[in-house]
Amino acid sequence: MQTMQTTEIEREIRSFLVNNFLFGSAEALRDDESLLGNVIDSSGTIELIMFLQDRFAITVEDEEIAIPENFDSLKNVVAYVARKLASKT
């Protein structure tokens, strides 16, 4: 897989969150706002992780899930995926 730009990663993740959790209401999703409790709950976190693994062909390790900064905001999720993809090349 060719290395994706962070803008592409963000677009894909934003689209997933808006379509699956915000019923198409894109303005409700802020880049730095916490996703947990505001956009997704614990089962939503699992859905997000499954999406990331499927879409970006990455493996999210259990210990990475336990680090809130990895999945706390859209900005952090994008940075996490970019790091995972960069480490595969």
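Placed above this text is the structure.
Every chain is numbered independently, its residues counted from 1 as its sequence is written. Under the rules for a predicted model, residues below a pLDDT of 70 receive no local features and side-chain atom pairs below 80 are neither given nor counted, while totals for whole chains, interfaces and linings still include all residues. With hydrogens and water stripped out, all remaining heavy atoms of the structure feed into the side-chain values.

Quick notes on the side chain of Ser-73
Counting through the fold element by element, Ser-73 comes out in the loop between α4 (68-71) and α5 (74-88). We classify Ser-73 as buried; its relative accessible area is 3%. The criterion used for residue contact is that any of the two residues' heavy atoms lie within 4.5 Å. Beyond its immediate chain neighbours, meaning those up to four positions away, Ser-73 contacts Asp-31, Asp-32, Glu-33 and Leu-35. Numbering goes from the N terminus for both helices and strands, where a helix is a DSSP run of H or I of at least four residues and a strand is a run of E of at least two. The buried label applies to any residue whose accessible area, calculated with a 1.4 Å probe on protein chains only, is under 20% of its type's maximum; exposed applies above 50%, and partly exposed to all values in between.

Points about the side chain of Asn-70
Note on placement: Asn-70 falls in helix α4. By the criterion applied in these results, polar contacts are pairs of N or O atoms within 3.5 Å in which, for protein atoms, one can donate a hydrogen and the other can accept it, and in which residues neighboring in sequence qualify only through two side-chain atoms. Polar contacts involving the side chain of Asn-70 include one to the side chain of Arg-83, which spans 3.1 Å. In this structure, Asn-70 is in contact with Glu-64, Asn-76, Val-77, Tyr-80 and Arg-83, ignoring residues within four places of it in sequence.

Regarding the environment of Thr-6
Its place among the elements puts Thr-6 in helix α1 (residues 6-21). Overall, Thr-6 belongs to the partly exposed group, its relative accessible area being 45%. The spatial distance from the C-alpha of Thr-6 to the C-alpha of Leu-74 is 12 Å, given a sequence separation of 68 residues. Aside from chain neighbours lying at most four places away, what touches Thr-6 is Val-78 and Ala-82.

Things to note about α1
Side chains of residues three or four places apart in an α-helix project in the same direction, reflecting 3.6 residues per turn. Expected helix span is computed as 1.5 Å times (number of residues minus one). Here α1 contains 16 residues, and its C-alpha end-to-end distance of 22 Å stays within 8% of the 22 Å for a straight helix at 1.5 Å per residue. Taken together, the buried positions of α1 are Ile-9, Ile-13, Phe-16, Leu-17, Val-18 and Phe-21. Elements in contact with the buried residues of α1: α2 (42-56) and α5. Immediately beyond the C-terminal end of α1, within one or two residues, lies Phe-23, with a positive phi of roughly 50 degrees.

Points about the pattern of salt bridges
Counted as salt bridges are all cases of a side-chain nitrogen of Lys or Arg within 4 Å of a carboxyl oxygen of Asp or Glu. Under the defined criterion, the tally for this structure stands at five salt bridges. Taking the shortest distance from any N to any O, the salt bridge between Arg-14 and Asp-31 comes out at 2.3 Å. With Arg-14 in helix α1 and Asp-31 in the loop between α1 and α2, the pair connects residues that are 17 residues apart, well separated along the chain. A residue is classified by how much of its surface remains accessible, and Arg-14, at 22% relative accessible area, is partly exposed. For Asp-32, the salt bridge goes to Lys-75, with nearest N and O atoms at 3.6 Å. One end of the pair, Asp-32, is in the loop between α1 and α2; the other, Lys-75, is in helix α5, with 43 residues separating them in the sequence. Each member of the salt-bridge network shares a partner with another, and the members are Glu-10, Arg-14 and Asp-31.

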